[in-house]
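Chain residues, written in single-letter form:
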Amino acid sequence: MKDVWVIGAGQLGRMMQYAGTPLGINVHPVNVDDPTLPAPELPAHGVITAERELWPQTPTGQALQAHGNFKNNTVFGRTADRKTQKELIDALGVATAKWLNVEASTSAEQCYRELGDTVLLKRRSGGYDGRGQLWLKQADGDALPDEWKQTSIAEEKCPFDEEVSLVGARTQSGELVFYPLTRNLHVNGILMASISPLQRLDHLQPQAEQMLGAILNKLEYVGVMAMECFRIGDKLIVNELAPRVHNSGHWTQAGASISQFEMHLRAITELPLPQPLIRNTSVMINLIGVDYDEAWLDFADTQLHWYNKEVRPGRKVGHININDGSIEKLLVSLDNLQSHLSENYGEVLDWVREELR
Ligand code: ATP
Ligand code: MG
Ligand code: MG
């Protein structure tokens, strides 16, 4: 019997848990935020992983990270800080948006001079869903607020054509496995929908695999990592890395013979990891701040994942994967689904339709 403990008890650990069950892997997500929880008893054979990049030094968090089988334990510190993450990407010669570290003495003028007339400040750590970001525009005379100094990096504005991501894994013995590139739609910094695979992205696959492969190998990483990219013409540049299973890989639950959650578990517990088979094209729609609707279950080709979290505006509370035998059938399902989603999903579904045509 294999046992895996997960730093974090959110939806990613939960989905890892149910991917592990059929393989006989017991997955134990652990709440590392509550300082009153006692450190769990961890057997020596246990494997420790994380569903997030950053966690507080609670008794539970400390116990898990101190375990001898905590995979990639030196990676999290490096990728959780955007400065060291960017340094790693630069050192490998992998393309990424131009950036600078915001020091105490850094001014907006310096940012404009080095990065262009519109720059994006990103908090070095803790940001997600576009939180912890601030645009500065030279034309508006924006200055660099003091509270962003020494806590953020500044990035050039990327004039990207579209956003894509690559999810892949490295095994203990150094083999690499990748899913096809995923096309992502972000609205106000939040991922709203993903599509994969798309034939028109096929020619970028080798480039993407080469980039993420170099990063995985350099880190001697084991398990699943996601690389978010901007496509500018025929060139990909890395936006950011996530050393874990990733929202843009959720479609693999419906569209691949091995989901990203299973792939991660196989890699970290040293089980065989063949290249997953991909079934047709999948669409993933994130459920953001919406109430549960049983009508979503009316359609045989849609798969609901509800995270059982309290519904709050802007909060990811679930996702829907759609996978069917043809694009035509997918399009029919999107129409069916639309009548059971709030009006603001109209734009998202239109985007998906446009991409599929
Ligand atoms: P996530 O939830 O994916 O972890 P995050 O809060 O860490 O998001 P980023 O992925 O860095 O933030 O940025 C969020 C979104 O903001 C990107 O998906 C993209 O749409 C936009 N964005 C980020 N950096 C740039 C940039 N340099 N130029 C233009 N747009 C950008
Ligand atoms: Mg991020
Ligand atoms: Mg991102």
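None of these values were measured; they are calculated from a predicted model.

1. Some thoughts on the packing of aromatic side chains
(1) Moving on: Counting across every chain of the model gives eight aromatic pairs.
(2) Moving on: On the numbers, 6.0 Å between centres and 65° between planes, the contact of tryptophan 55 with phenylalanine 70 is edge-to-face. One end of the pair, tryptophan 55, is in the loop between strand E3 (47-50) and helix H2 (59-66); the other, phenylalanine 70, is in the loop between H2 and helix H3 (75-80), and 15 residues separate them in sequence. For the pair shown, tryptophan 55 and phenylalanine 70 are each scored as buried.

2. Description of the confidence of the model for the protein chain
(1) Moving on: When pLDDT is averaged across the protein chain, the result is 97; 100% of the residues are at 70 or more.
(2) Moving on: Taken together, the chains of this predicted complex give a pTM of 0.97 and an interface ipTM of 0.98.

3. Thoughts on the packing of helix H1 (residues 11-20) against helix H8 (residues 260-268)
(1) Moving on: Contact pair H1 / H8: the axes reach a minimum separation of 8 Å and the direction vectors enclose 75°. Taken together, the axes of H1 and H8 are roughly perpendicular relative to one another. Touching Leu12, Met15, Met16, Ala19 and Gly20 of H1 are Phe261, Glu262, His264 and Leu265, all from H8.
(2) Moving on: Grouping the amino acids of the contact of H1 with H8 by side-chain chemistry returns six nonpolar, two polar and one charged.

4. Details of the coordination of the magnesium ion (ligand 2)
(1) Moving on: Distances from the magnesium ion (ligand 2) to its protein donors, Glu240 (OE) and Glu240 (OE), fall within 2.3 to 2.4 Å.
(2) Moving on: Taken as a pair, the magnesium ion (ligand 2) and the magnesium ion (ligand 3) show a spacing of 3.8 Å, with glutamate 240 coordinating each metal.

5. Considerations on the coordination of the magnesium ion (ligand 3)
(1) Moving on: Around the magnesium ion (ligand 3), the donor atoms from the protein are Glu228 (OE), Glu228 (OE) and Glu240 (OE), and they sit 2.0 to 2.6 Å away.
(2) Moving on: Among the residues examined, glutamate 240 registers a relative accessible area of 22% and is labelled partly exposed.

6. Overview of the sheet that holds strand E2 (residues 25-30)
(1) Moving on: Spatially, the three strands line up as an open sheet ordered E2-E1-E3, and their pairing is parallel. In this open sheet, the two edge strands, each paired with only one partner strand, are E2 and E3. Looking at each pair of strands side by side, their axes are set apart by 25° on average, direction ignored.
(2) Moving on: With six bridges joining them, strand E1 (residues 2-7) and E2 adopt parallel strand pairing. Residue pairing across strands places aspartate 3 opposite asparagine 26, the latter belonging to E2.
(3) Moving on: Helix-sheet contacts for H2 involve E1, E2 and E3, and the interaxial angle to E1 is about 130°.

Thresholds, definitions, all that
Residues numbered from 1 in each chain as written. Chains lettered and ligands numbered in written order. Predicted model: local features only at pLDDT ≥ 70, side-chain atom pairs only at ≥ 80, totals over all residues. Heavy atoms only, no water. Phe/Tyr/Trp six-rings, centres within 6.5 Å; stacked < 30°, edge-to-face > 60°. Helix = DSSP H or I, 4+ residues; strand = E, 2+ residues; numbered from the N terminus. Buried < 20%, exposed > 50% of the residue type's maximum accessible area, 1.4 Å probe, protein only. pLDDT = per-residue confidence, 0-100. Axes fitted to C-alpha atoms, helices over the stretch in contact; angles between N-to-C directions. Parallel < 35°, antiparallel > 145°, perpendicular 65-115°, else oblique. Contact = heavy atoms within 4.5 Å. Nonpolar A, V, L, I, M, F, W, Y, C, P; charged D, E, K, R; others polar. Donors = N, O, S within 2.8 Å, 3.2 Å for Na, K, Ca; no water. Pairing = 2+ DSSP bridges.

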